[in-house]
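Chain residues, written in single-letter form:
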Amino acid sequence: METDKNELTQTKSHECNPRKWVSNYADYLYSYAITRVNDEELARDLIQETFLSALEKIDRFEGRSSESTWLTAILKNKIIDVYRKKSSGLRKIEADVKEQYDTDFFNAEDGHWNDNHRPQVFGIEDYDMLGKKEFNQILKLCMQKLPALWLSVFTMKHMDDEASALICEELKITNANFWVIIHRTKVNLRSCLQKNWL
Amino acid sequence: MNELTKIAYNCKKATFLIEKKLIGKITLREKMELKMHLAGCTICKTFERQSAVINRMVKELFSNVQKENLKLDEQFKENLQHRLEEELNK
């Protein structure tokens, strides 16, 4: 009981001190942004925009979540805006990529793997490649090669564990399309890893 | 070809189901279809194992970068601080 009470007072006492934002949160928000947009210039802009729009709606900060959670949520929305903008202009190009992908990876007739993309065991299956620098480098490069919309869907799903329904809504895609993108992305990424690691 | 034979030989469909199963839900029927396919297809089995590992690696990659705590340069932060002060004093 006592603990509950304490927690309650604590949650209520979240304060907002904009003069400390830069020193307290700028670096954190920057690393949050850079992993999601992979562009330093853009990440900086997003941080600035985040602080400025936070200032504008500071009277709506109710202290229910901590300052950093609140700021991160604002930043996250801005990142989703970036994803949305990036992918909306590209639908046509991506439709073409889709076509190509379908015939490239699987036989159009029977759905069998085509020779050059057929999965082989290449060393990531049985022991942990996690944290191996070289491999992470390749992983990053392969991800950057993905079409913008695919990468946005993939990032939202795997980095932030967003619900699929939310991703569909934010990026304006249907549920069926969502799964097609998830599938294509993975087939593509896996193939790229195999090609560059072997 | 009946439906089941089709999926049994269709790697595109099988890998689609693998992805769906990894992060979402598939129906009982789909589970059965997939099981049948994987029983006879070592290639897609390899795909399945790799795909799960890739998901883990991607997650790890993101959280590592976050832990590295990239720093903004001081000049940028100073300017930003200045900008905020201006707004606050308006």
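Residues numbered from 1 in each chain as written. Chains lettered and ligands numbered in written order. Predicted model: local features only at pLDDT ≥ 70, side-chain atom pairs only at ≥ 80, totals over all residues. Heavy atoms only, no water.

Looking at an unreviewed UniProt entry, one finds chain B named Zinc-finger, with Pedobacter fastidiosus as its source organism.

You'll find chain A entered in an unreviewed UniProt entry as Sigma-70 family RNA polymerase sigma factor, with Pedobacter fastidiosus given as the organism.

K.L.:
Describe in detail the interface of chain A and chain B, supporting the description with residues and values.
P.N.:
If you look at the interface, chain A gives 56 residues, while chain B gives 45 residues. Of the roughly 5,000 Å² buried where chain A meets chain B, counting both sides, 69% is carbon and sulfur surface. Inspection of the region where chain A meets chain B yields 5 salt bridges. Close ionic contact of D27(A) with K77(B) constitutes a salt bridge, the shortest N to O distance being 2.8 Å. (Contact = heavy atoms within 4.5 Å. Buried area = accessible area lost by both parts, 1.4 Å probe. Salt bridge = Lys/Arg side-chain N within 4 Å of Asp/Glu carboxyl O.)

K.L.:
Describe in detail the packing of aromatic side chains, supporting the description with residues and values.
P.N.:
One pass over the full model with this rule turns up 8 aromatic pairs over all chains. Between F61(A) and W70(A), the ring centres sit 4.9 Å apart and the planes meet at 65 degrees, which makes this aromatic pair edge-to-face. On the basis of relative accessibility, which here comes to 14%, the residue W70(A) falls in the buried class. Geometrically, the ring pair formed by W113(A) and F47(B) is tilted, given 5.7 Å between the ring centres and 45 degrees between the ring planes. One end of the pair, W113(A), is in the loop between α5 (91-105) and α6 (133-144); the other, F47(B), is in helix α4 (residues 42-68), on a second chain. Of the two residues, W113(A) and F47(B), both sit in the buried class. Linked through ring pairs, W21(A), F51(A), F61(A) and W70(A) together constitute an aromatic cluster. One cation-aromatic arrangement involves R36(A) over Y32(A); the distance from NZ or CZ to the ring centre is 3.5 Å. (Phe/Tyr/Trp six-rings, centres within 6.5 Å; stacked < 30°, edge-to-face > 60°. Buried < 20%, exposed > 50% of the residue type's maximum accessible area, 1.4 Å probe, protein only. Helix = DSSP H or I, 4+ residues; strand = E, 2+ residues; numbered from the N terminus. Lys NZ or Arg CZ within 6 Å of the ring centre and 35° of its normal.)

K.L.:
I'd love a proper account of the side chain of H117(A), names of residues and values included.
P.N.:
Residues and elements named next belong to chain A. Within the fold, H117 resides in the loop between α5 and α6. Of the polar contacts made by the side chain of H117, one reaches the side chain of S191; its length is 2.5 Å. What H117 contacts, discounting residues up to four positions off in sequence, is D104, F105, R190, S191 and K195. (Polar contact = N/O pair within 3.5 Å; in protein donor to acceptor, adjacent residues only side chain to side chain.)

K.L.:
Break down the state of the cysteines for me, citing the residues and quoting the values.
P.N.:
Taken as a whole and judged by the stated rule, the model has 1 disulfide over all chains. Covalently, C142(A) is tied to C192(A) through a disulfide, its sulfur atoms 2.1 Å apart. For the disulfide bridge between C142(A) and C192(A), the dihedral angle about the S-S bond is near -80 degrees, and by the sign convention the bridge is left-handed. Of this pair, C142(A) sits in helix α6 while C192(A) sits in helix α9 (residues 175-197), placing them 50 residues apart in sequence. Judged by relative accessible area, C142(A) falls into the buried class, the value being 3%. The class of C192(A) is buried, set by a relative accessible area of 10%. Among the cysteines around C44(B), which has no disulfide bond, C41(B) carries the closest sulfur, lying 3.7 Å off. (Disulfide = S-S within 2.5 Å.)

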